[in-house]
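What follows is each chain in one-letter form.
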Amino acid sequence: ATSLPNAITMPHDGEGAMIAAFTTLCQANAGTVPPAVYAQVPPNKTTGGNFTFRLPGDPTSWCSWAQGLAHHTAFGVNPGNGSLDGFFPLSDGPQWDAIYVRGLLTLYAYDHDASLYQLATNTAQRIQSNAQGSNGLFLKDWTGSSTVSGADPGELRTDASSLSVFAALATVPTP
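Things to note about the overall build of the protein
Secondary structure summary: the protein contains six helices and zero strands in total. Secondary structure elements in the protein, listed N-terminal to C-terminal, are α-α-α-α-α-α. Residues counted as buried form 38% of the 175 residues belonging to the protein. Put simply, 60% of the contacts in the protein that link residues at least 6 apart link residues at least 24 apart.

Focus on the packing of helix α5 (residues 114–130) against helix α6 (residues 156–170)
It is at 10 Å that the axes of α5 and α6 come closest, and there the two elements cross at 140°. One finds that α5 runs oblique with respect to α6. With respect to the hand of their crossing, α5 and α6 are arranged in left-handed fashion. Within the contact between the two elements, α5 uses Tyr117, Ala120, Thr121, Ala124, Ile127 and Gln128 and α6 uses Ser162, Val165, Phe166 and Leu169. Residues that form the contact of α5 with α6 fall into these classes: seven nonpolar, three polar and no charged.

So, unusual backbone geometry
Phi at asparagine 29 is positive, roughly 50°, even though this residue is not glycine. Position of asparagine 29 relative to the elements: it lies in the loop between α1 (12–27) and α2 (35–38). At histidine 112, a residue that is not glycine, the phi angle is positive and equals roughly 60°. In this fold, histidine 112 is placed in the loop between α4 (94–111) and α5.

Brief notes about the nonpolar core
Of all hydrophobic cores here, the largest spans 33 residues; its most connected members are Ile19, Tyr100, Leu104, Leu105, Leu116, Trp142 and Val165. Of all the elements in the fold, those that place two or more residues in this core are α1, α3 (62–75), α4, α5 and α6. The biggest single contributor to this core is α4, with seven residues. In this view, valine 165 contacts Ala98, Val101, Ala124, Ile127 and Trp142; residues no more than four positions away in its chain are not counted.

A short note on the side chain of serine 64
By the element assignment, serine 64 lies in helix α3. Residues contacting serine 64, with those up to four places away along its chain left out, are Pro56, Gly57 and Asp58.

Some remarks on the state of the cysteines
Within this structure, the stated rule accounts for one disulfide. A disulfide bridge connects cysteine 26 with cysteine 63, and the sulfur atoms are separated by 1.6 Å. Between cysteine 26 and cysteine 63 the sulfur-sulfur dihedral comes to about 65°; the bridge is accordingly right-handed. You can see cysteine 26 sitting in helix α1 and its partner cysteine 63 sitting in helix α3, a full 37 residues away along the chain. Relative accessible area serves as the criterion here: at 7%, cysteine 26 is assigned to the buried category.

Thoughts on the packing of α3 against α4
In contact at an axis separation of 11 Å, α3 and α4 are set at 135° when each is read in the N-to-C sense. The angle between α3 and α4 places the two elements in the oblique class. Read as a crossing pair, α3 and α4 show a hand that is left-handed. Counting all contacts with α3, which are made through Cys63, Ala66, Gln67, Ala70, Thr73 and Ala74, the residues of α4 involved are Tyr100, Leu104, Leu107, Tyr110 and Asp111. Of the residues belonging to the contact of α3 with α4, the class tally is eight nonpolar, two polar and one charged.

Topic: α6
Between its first and last C-alpha atoms α6 spans 21 Å; for 15 residues at 1.5 Å apiece the expected length is 21 Å, and the two agree. Those residues of α6 not exposed but buried are Thr158, Asp159, Ser161, Ser162, Ser164, Val165, Ala168 and Leu169. Tucked inside the fold, the buried residues of α6 contact α4 and α5.

Overview of the environment of cysteine 63
Put simply, cysteine 63 and glutamine 27 are 36 residues apart on the chain and 8.0 Å apart in space, counted from C-alpha to C-alpha. Not counting residues within four places of it along the chain, the set of residues in contact with cysteine 63 comprises Cys26 and Tyr110.

Conventions and cut-offs
- Residues numbered from 1 in each chain as written.
- Predicted model: local features only at pLDDT ≥ 70, side-chain atom pairs only at ≥ 80, totals over all residues.
- Heavy atoms only, no water.
- Helix = DSSP H or I, 4+ residues; strand = E, 2+ residues; numbered from the N terminus.
- Buried < 20%, exposed > 50% of the residue type's maximum accessible area, 1.4 Å probe, protein only.
- Contact = heavy atoms within 4.5 Å.
- Axes fitted to C-alpha atoms, helices over the stretch in contact; angles between N-to-C directions.
- Parallel < 35°, antiparallel > 145°, perpendicular 65-115°, else oblique.
- Left-handed = near helix turned anticlockwise from the far one by under 90°.
- Nonpolar A, V, L, I, M, F, W, Y, C, P; charged D, E, K, R; others polar.
- Core = buried A, V, L, I, M, F, W, Y, C linked by side-chain atoms within 4.5 Å.
- Disulfide = S-S within 2.5 Å.
- Expected span 1.5 Å × (residues − 1).

Right under this line is the structure:
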């Protein structure tokens, strides 16, 4: 996917953690999102130059923030000329991408959005097809490369990241 010009992209682990946090606030009925959170954010602009896609449908709802962030980051935005800013297929590195997938699954467990579950299962299939070595450990990048971004070869966290996606999938019901 192409990136929006002049946009700062948060790493996948940060986005995943935010999705999980917003979902937790939603589930806890933590009240409405304080207006100070979004008061300085410009209104959504979907035409012309300098697109902005910052506010969810209901900026006062933590649920809406979780869903808006998940869909924006997972699928990108479509201002009429193709998708921009979509994360999939994930490519930051297993140790960061796994946190993002687990954040999506936290939201899926709450709202049962099958599209989020599908992204997680597609990622798990990609891990199974590409990341497992002959020793049975998942020490490769999810592309199949033995070079993992941000990790030395053979680090246990690479294997643990991949396994954490499988474990998270096992905790949620299928659609």
